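Next come the chains, spelled out residue by residue.
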Amino acid sequence: MDIRQRIFAVLGTDDYIPMKRGELQNKLRIKAAEQAAFDAEIDALLRSGEIARLKKDRLCIASDADLVGGKILFRQSGTATIIPDADPRSPVAEGYPVRSEDTATALHGDRVLARIIRERQTPRVGEKGPEARPHVRVIRILERGSDTIVGTLEEGRHYAYIIPDDPRIIQDILVPPPANSGLRPLPRKGDKVIVKLLEWTQRHVNPSGEIVEVLGRTHEPDAEFKAILHKYQLNPQFPATVEKEVTSLPETVPAQDIGNRVDLRKQFVFTIDPDDAKDFDDALNVEPLANGGVRVGVHIADVSAYVKGGTALDNEAQARGNSTYLVGTVIPMLPHKLSNGLCSLVEAEDRSTKSVFLDYDESGRLTSTSFANSVIRSVKRLTYHQAFAFMRENSLDKVIATPLPPSHQTGATGIALSEVPRKTLQRLQKDIRTLWSIAERLRKARFKKGSLDLDMPETKIYVDENGYADRIELLQNDESHQLIEEFMLSANEAVAKVLKADKIPAIYRVHEDPDPEKLRELRETLLLHGIQCGNLEKQEAMGALLKTLKEHPQGHSLRIHVLRSLKQARYSGHPDGHYGLAKSDYAHFTSPIRRYADLVVHRVMDYYLHRHKVASAPENPAHRYSQGKLESLADHLCITERNSVDAERESVKTKLLEFFERELHSDSPKRFKAIITDVKNHGFFIELIETGAFGLVHVSTLTDDLYLLNRDGDGMIGRRHRRTFTMGDTIEVEVERVDRFKRQIDFRVSTMAPRGANKSQKNQIKKQATKKTVRGKRKPNNKRVKRS
């Protein structure tokens, strides 16, 4: 046993009496050579909150003393939840609620130690007796989540202070006068700044800090971008040692690199990616087989051919874990020369790839798979819009009219379709339709098997050349997206199957079955909304529920409840299957430019090819990872993935606020179609159909009448004119207010006069409203508008 296991072996015994550190050291018979490791382990366990220090410096497992250590996550209301570090004796970690008055001097993201408070309460109907419903009280800050905070500098009459960007940090940070900061230029009111926190020990006094850096004027694109980089510790620049290694790499694939690779440069290979794609990981081709079936080639950029283990380049890629896609830009895992150059499958350039060949019979059934290291030359870079046009339009002239993406939004536009030979266009159309005929069958079979449609509507924000949010588009998961998705899933599954069968250690993408208790809570929530569902432990019932929620007025918020009831997909060194995809074998293989897990799997595949004496295998595969190394890597990659997801969400939210704030101040404000998704006594919540953005129409903006909740609580009705706004209705709205600090967007109904409007404006809008008002009670429209 290692020292950690030995410590818990003693602390976890039933007859353990808390000991001091020295006593525990003697009990464990720690040798002189182990002293440093023992002290480091004890200190680490105290910092993490897994063990606690009691009075007289005695040590015990935190839970044995009704203590819990973990990360505290705040809400804007000031309440919080502590997510505990998993107890070594219990793999499940549930969150503990924290009242706002019990948070002490904790800030969002801090690691804290808290005491569990158990309060007895009157039993519920049908219960035998009072139950203990624990909450916790923070008693110690173990470690600050960050020693710096980003925010906006404001000045009061007697002091200066920072309003944190993160609305979950509800305290303003007091700072010395900006003139005394020593920074040049001097920080000014309205600047976005970084503040280094000083010690904060008294809850009734605001925390204080010192301004250490000015990022720019708040809400300007560059300042907001720098703020996200700082908060999530993202760096668009690479260390000098990495850049030095990259300079030695060729600009194009040299002839000697092709070697024994399968030469596919004469095959009709092409890529399909988003308009704003910065790098191109994957390409496809399809060819007929003699037996009447087809062979689909899935070709993935062979990053492992250039990023070798143990180099500075590999160490940096591993530390980053993955690329982070912020609105309008990317923080790459690999330097530009690789991610957008040598490894990116741009058109008309030779590229080293790893290929998965999937053979299908005439009915679309997979009959065999094979693998190879290869070299390809893409004939065309297509966008999803262009691929969709090839699928839907018979007229090539209409397909050609599909525009290229702006050059500042993408890593490569490819040549315009109008410049592509007619014969090539015809071949593209034929191959894309052949691929879809297979992908469509694969998709139907996958969902029939129990795969879940967990995708949420995704908003794509495009920026202008100055970095401002210029256009918002609600991405449609149309057939062009589904085509790529199905073949990427098939390639990932094929790779995972052979590695598992050969018992070669690898990193897998796993998604465990949900906790039955979580599903029970979900079922209760759905019943409150009048939604009947079967046994959600069966994937067929879960699939049927998700289908129902797609058409429900509150579908978005309820789908979020569903996602929260499921476990998160993660990386693991064990092939434990993927619940959401209904696959027993699954790994990430198809995106090595942007995910380090895929790069690891590529290296493992080289070992597989070598073991099976495949002609294109490398002579001496560099990597066969140990199981322990893979487990450690998987844990690290889960952390970097979560960090990137949070950064990307914050970037989207920031740009959404920017877009609607500019719309608010526009000379010709735009009207947006929206669906009412929820109704409260203070107003109703809406979802914009075109952009997927959410907001509130406050009751105070309904200026033509006094509106009250109806009897069913699913709508508001005007007391005088009887005009109604009911859940599921489609209305037109305009932006009313944008709060960049609280990150909230309010709207008003387009036929309502804005607050502060003059009499003439009110009369004009009243005339328009009168034409549209239905006298008497209107029959509620509970059908969700079908989006095109």
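This write-up is about the structure you can find in this document.

On to empty space enclosed by the protein. One pass over the structure, following the stated rule, counts three cavities of 30 Å³ or more. Estimates place the volume of the largest cavity at around 140 Å³. Lining the largest cavity we find Asp 165, Lys 192, His 219, Glu 224, Ile 228, Glu 650, Thr 654, Leu 657, Arg 740, Phe 741 and Arg 743. Elements represented by at least two residues in the lining of the largest cavity include exactly α4 (221-231) and α17 (627-664). It is α17 that provides the largest number of residues to the lining of the largest cavity, a total of three residues. Among the residues forming the lining of the largest cavity, the class breakdown is three nonpolar, two polar and six charged.

By secondary structure assignment, the location of Ser 616 is in the loop between α16 (596-611) and α17. A polar atom in the side chain of Ser 616 sits 3.0 Å from the backbone nitrogen of Asn 373. Other than its neighbours up to four places away in sequence, Ser 616 contacts Asn 260, Arg 261, Val 262, Ala 372 and Asn 373.

Residues Val 298, Leu 483, Phe 487 and Leu 499 are the most contacted members of the largest nonpolar core, which totals 94 residues. By size, the runner-up hydrophobic cluster in this structure holds 31 residues, among which are Ile 472, Phe 660, Ala 674 and Phe 725.

The next thing to look at is helix α11 (residues 422-449). With 28 residues, α11 should reach 40 Å at 1.5 Å per residue; the first-to-last C-alpha distance of 41 Å fits that figure. Regarding α11, the residues found buried are Leu 425, Leu 428, Gln 429, Asp 431, Ile 432, Leu 435, Trp 436, Ile 438, Ala 439, Leu 442, Arg 443 and Arg 446. Where α11 terminates, the next one or two residues include Gly 450, which has phi positive at roughly 125 degrees.

Attention shifts here to the environment of Gln 539. Within the secondary structure, Gln 539 sits in helix α14 (residues 539-550). Separated by 2.6 Å, the side chain of Gln 539 and the backbone oxygen of Tyr 579 make a polar contact.

A few words now on the sheet that holds strand β13 (residues 209-217). Taken in spatial order, the five strands of this open sheet run β11-β10-β9-β12-β13, and their pairing is antiparallel. On the outer flanks of this sheet lie β11 (173-175) and β13, each paired with one strand and no other. Each neighbouring strand pair of the sheet contributes to a mean axis angle of 40 degrees, computed without reference to strand direction. Inspection of the sheet shows strand β12 (residues 191-197) paired to β13 by seven bridges, in the antiparallel sense. The residue of β13 that forms the bridge with Lys 196 is Glu 210. Where α4 meets the sheet, it contacts β9 (148-155), β12 and β13, and its direction lies at approximately 135 degrees from that of β13.

The rules behind the values
Along each chain, the written sequence defines residue order, and numbers are assigned to residues from 1. With the structure being a predicted model, the display of local features is reserved for residues of pLDDT at least 70 and the display and counting of side-chain atom pairs for 80 or more, all residues being used for whole-chain, interface and lining totals. Think of the side-chain values as coming from all heavy atoms in the structure, minus any hydrogens and water. In this analysis, the protein atoms alone were mapped onto a 1 Å grid. Cavities are point sets where a 1.4 Å probe fits without being able to get out; pockets are open sets with protein on both sides within 12 Å along at least five of seven lines; lining residues have an atom within 4 Å of a point. Grid points are joined across faces, edges and corners, and a volume is the space filled by probe spheres set on the points. Put simply, DSSP marks the helices as runs of H or I at least four residues long and the strands as runs of E at least two long, and each gets a number from the N terminus on. Side-chain classes follow a simple rule in which Ala, Val, Leu, Ile, Met, Phe, Trp, Tyr, Cys and Pro form the nonpolar group, Asp, Glu, Lys and Arg form the charged group, and the remainder, Gly included, forms the polar group. For this analysis, a polar contact is any N or O atom pair within 3.5 Å, provided that within protein one partner can donate a hydrogen and the other can accept it, and provided that sequence-adjacent residues contribute only side-chain to side-chain pairs. Two residues qualify as a contact provided that any one of their heavy atoms is within 4.5 Å of a heavy atom in the partner residue. In these notes, a set of buried Ala, Val, Leu, Ile, Met, Phe, Trp, Tyr and Cys residues joined through side-chain atoms within 4.5 Å is what counts as a nonpolar core. Three labels apply to residues, based on accessible area from a 1.4 Å probe with only protein chains included: buried if under 20% of the type maximum, exposed if over 50%, partly exposed otherwise in between. Take the number of residues in a helix, subtract one, and multiply by 1.5 Å to get its expected span. DSSP bridges decide pairing: two strands pair if at least two such bridges lie between them. Axes here mean lines fitted to C-alpha atoms, for a helix over just the part in contact, with angles spanning 0 to 180 degrees between N-to-C directions.

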